[in-house]
Every structure is written in C-alpha cells, then in structure tokens.
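An overview of the molecular structure
What follows is each chain in one-letter form.
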Amino acid sequence: MANYTTSCTANGGILNGSMVLDTSTGDVTSYTSTSQGTGTVRNNNPNSTSLNFNVKFGTNPRVYPVVAAPDGNGGWRGTGGAPSPGAEVETWTATATEAEVPKA
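Let us look at the structure shown here.

Calculation criteria
- Residues numbered from 1 in each chain as written.
- Predicted model: local features only at pLDDT ≥ 70, side-chain atom pairs only at ≥ 80, totals over all residues.
- Heavy atoms only, no water.
- Helix = DSSP H or I, 4+ residues; strand = E, 2+ residues; numbered from the N terminus.
- Buried < 20%, exposed > 50% of the residue type's maximum accessible area, 1.4 Å probe, protein only.
- Contact = heavy atoms within 4.5 Å.
- Phe/Tyr/Trp six-rings, centres within 6.5 Å; stacked < 30°, edge-to-face > 60°.
- Pairing = 2+ DSSP bridges.
- Core = buried A, V, L, I, M, F, W, Y, C linked by side-chain atoms within 4.5 Å.
- 1 Å grid on protein atoms, 1.4 Å probe; cavity = no way out; pocket = protein on both sides within 12 Å on 5 of 7 lines; lining within 4 Å.
- Points joined across faces, edges and corners; volume = space filled by probe spheres on them.

**As for the overall build of the protein**
Across its full length, the protein carries 0 helices and 8 strands. In the protein, the order of α-helices and β-strands from amino to carboxyl end is β-β-β-β-β-β-β-β. Within the span of the protein, comprising 104 residues, buried residues form 36% of the whole. Once local pairs closer than 6 in sequence are excluded, the contacts in the protein between residues at least 24 apart make up 33%.

If you want it as structure tokens, here you go:
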C-alpha cells in the first residue's frame with residue numbers, strides 16, 4: 001500500500017485530500033476528501049498501470065471521475081472533476097506521502 005496527498009481545484013477542491021493505492025493491483029482502495037470525508041471508490045480499470053476511478057462522498061449523488069498516469073516522480077498526474085457537460089475538469093495530482101511498506 002502507498003499513501004498519497006491529492007490536489008485538484010475543480011468543484012471547489014472537493015478532490016483535495018488523500019488516497020491509498022494498492023501497489024500490487026494498481027487499485028485505489030480508499031479516498032478521503034479534506035472537505036467531504038471518506039469517499040466510496042469504484043475502480044474502472046483494475047490491475048492497470050494508470051488510474052481510472054470514480055469517487056462519491058456521502059449522500060451526495062454526484063460522482064467525481066479521476067484519470068491519471070504516473071508522473072515519473074513516484075506520484076500521479078491527470079484530470080479530475082465531474083462528468084456532466086460543462087462541468088469543471090481540472091488537473092489532478094497525487095504526491096506520495098509514505099513509501100510502500102514491505103510485506104512481512
């Protein structure tokens with residue numbers, strides 16, 4: 001598992017927060033928004049070398065998509081926002097905050 005700090009200005013910064021990535025599968029296992037709390041994650045492209053997932057917070061019906069690729073520095077860079085026409089889509093980044101802990 002690897003921990004990341006996430007940043008995206010779209011939608012008032014709802015996607016700012018943190019995520020946990022299972023480095024053995026490439027799946028996001030949890031996502032927490034600084035303003036909205038813990039989200040529900042759906043990975044759209046499991047076991048991939050890129051990220052493609054949706055996250056939803058609480059009872060808000062809105063789903064926020066994220067698509068990203070490795071940035072070459074141990075993090076991720078792509079886009080995040082809302083899928084509706086004309087909705088904000090902005091640069092989304094994830095910066096590693098803790099290296100993967102080796103399995104015992």
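Structure's up, so let's keep going.
**Looking at the packing of aromatic side chains**
Overall, the coordinates contain 4 aromatic pairs when judged by the stated rule. Taken together, Tyr31, Phe53, Phe57, Tyr64 and Trp92 form an aromatic cluster joined through their ring pairs.

**Quick look at the pairing of strand β5 (residues 51-57)**
With 5 of 7 residues buried, β5 lies mostly within the body of the structure. Here 5 bridges tie strand β4 (residues 37-43) to β5, and the two strands are oriented antiparallel to one another. In the sheet register, valine 41 faces β5, and the bridge partner there is valine 55. Where β5 and strand β6 (residues 63-70) come together, 6 bridges link them in antiparallel fashion. Residue pairing across strands places valine 55 opposite tyrosine 64, the latter belonging to β6. What sits between the antiparallel neighbours β5 and β6 is a turn of 5 residues, in which glycine 58 has the positive phi angle 55°.

**Describing the environment of proline 65**
Locating proline 65 in the fold gives a position in strand β6. The class of proline 65 is partly exposed, set by a relative accessible area of 24%. Taking C-alpha positions, proline 65 is 4.3 Å from asparagine 54, a pair spaced 11 residues apart along the chain.

**Some thoughts on the nonpolar core**
Grouped together as the largest cluster of nonpolar side chains are 20 residues, with contacts concentrated most on Leu15, Met19, Tyr31, Leu51, Phe53, Trp76 and Trp92. Of all the secondary structure elements, the ones that give two or more residues to this core are β1 (2-8), β2 (17-22), β3 (27-33), β5, β6 and β8 (89-98). With 4 residues, the single largest contributor to this core is β5.

**What about empty space enclosed by the protein?**
Summed over the entire model, instances satisfying the criterion amount to 1 cavity of 30 Å³ or more. Quantified by volume, the largest cavity comes out at close to 40 Å³. If you go around the largest cavity, the residues you meet are Gly26, Asp27, Val28, Asn43, Asn45, Pro46, Ser48, Ser50, Leu51, Asn52 and Phe53. Of all the elements in the fold, those that place two or more residues in the lining of the largest cavity are β3 and β5. Tallying contributions element by element places β5 first for the lining of the largest cavity, with 3 residues.

Honestly, it's all geometry; don't read function into it.
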